[in-house]
Amino acid sequence: MPRNRKFLRRLFLYLTGVALGSLLSYFLLFRGRQFPAFWPQGIVLEKLGKARYLPHGHSDSLMHCLKLDTTAFKKNLPDSRVIFRRSLPRRVPCPVYALRQPQWSHCLLLVALCDSTYTLYDVRSPEGLSQSCHQCTLATRTE
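Residues numbered from 1 in each chain as written. Predicted model: local features only at pLDDT ≥ 70, side-chain atom pairs only at ≥ 80, totals over all residues. Heavy atoms only, no water.

## Examining the packing of aromatic side chains
This model, assessed by the stated rule, comprises five aromatic pairs. Centre to centre, the rings of Phe 73 and Tyr 118 are 5.2 Å apart; their planes meet at 25°, and the pair counts as stacked. Of this pair, Phe 73 sits in helix 4 (residues 70-75) while Tyr 118 sits in strand 5 (residues 117-124), placing them 45 residues apart in sequence. Classification of Phe 73 by relative accessible area gives buried; the value is 2%. (Phe/Tyr/Trp six-rings, centres within 6.5 Å; stacked < 30°, edge-to-face > 60°. Helix = DSSP H or I, 4+ residues; strand = E, 2+ residues; numbered from the N terminus. Buried < 20%, exposed > 50% of the residue type's maximum accessible area, 1.4 Å probe, protein only.)

Here you go:
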């Protein structure tokens, strides 16, 4: 019987130490931190969030046609989805990613993401067909 008590006492002390260590490490190391993205979609959205908009003639006209500015674009990034089937991630020098933002659910926004800049590349239908930005604005108005 004494041998069984020693084991239970040691087990209790061990489990108490593990619980206190876990609690302490959570409050000192992990609470309130934002960890980097792990999945490909999160990595792309994180890069877009850190990148700045590079003005370009075609890109500016698409932004104006969609009545979209850079602050609204970045504000909707956390709710966006990256559609990799319609993206060109191996395009050189700047990969192109297809984004479906909540306000443009009937359109895919193709965004060219270079090192630290991005531009709006094109607007496509969900099937991947090129379309006019006016069709996107009409689709959002009819909803």
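## Brief notes about the sheet that holds strand 2 (residues 81-88)
The sheet built from five strands is open, its strands ordered 1-5-4-3-2 with mixed pairing. With partners counted over all chains shown, the strands left at the sheet margins are strand 1 (52-53) and strand 2, one partner each. Across six bridges, the pairing between strand 4 (residues 108-113) and strand 5 is antiparallel. Note on strand 5: the bridge partner recorded for Val 111 is Leu 120. Each of strand 1, strand 2, strand 3 (96-100), strand 4 and strand 5 is contacted by helix 2 (residues 40-50), which is oriented at about 95° to strand 2, the strand it contacts most. Against the sheet, helix 3 (residues 57-65) engages strand 1 and strand 5, with an angle of about 60° to strand 5. (Pairing = 2+ DSSP bridges. Contact = heavy atoms within 4.5 Å. Axes fitted to C-alpha atoms, helices over the stretch in contact; angles between N-to-C directions.)

## A look at the pattern of salt bridges
Going through the model one piece at a time under the given rule, you end up with two salt bridges. Ionic pairing is found between Lys 50 and Glu 46, a salt bridge with its closest N-O pair at 3.6 Å. Of this pair, Lys 50 and Glu 46 are both found in helix 2, four residues apart, which corresponds to roughly one turn of the helix. On the basis of relative accessible area, Glu 46 is assigned to the partly exposed category, the value being 31%. Measuring nitrogen to oxygen at the nearest pair gives 3.1 Å for the salt bridge that ties Arg 124 to Asp 122. Taking the relative accessible area as the measure of exposure, Arg 124 reaches 26% and is therefore partly exposed. (Salt bridge = Lys/Arg side-chain N within 4 Å of Asp/Glu carboxyl O.)

## A look at the pairing of strand 3
When a strand is regular, its side chains alternate between the sheet's two faces. Along strand 3, four of the five residues are buried, which leaves the element largely enclosed by surrounding structure. As paired strands, strand 2 and strand 3 are joined by four bridges and run antiparallel to one another. Its bridge partner lying in strand 3, Arg 81 is registered against Arg 100. Relative to strand 4, strand 3 runs antiparallel, the two sharing four bridges. The partner of Leu 99 across the bridge, within strand 4, is Leu 109.

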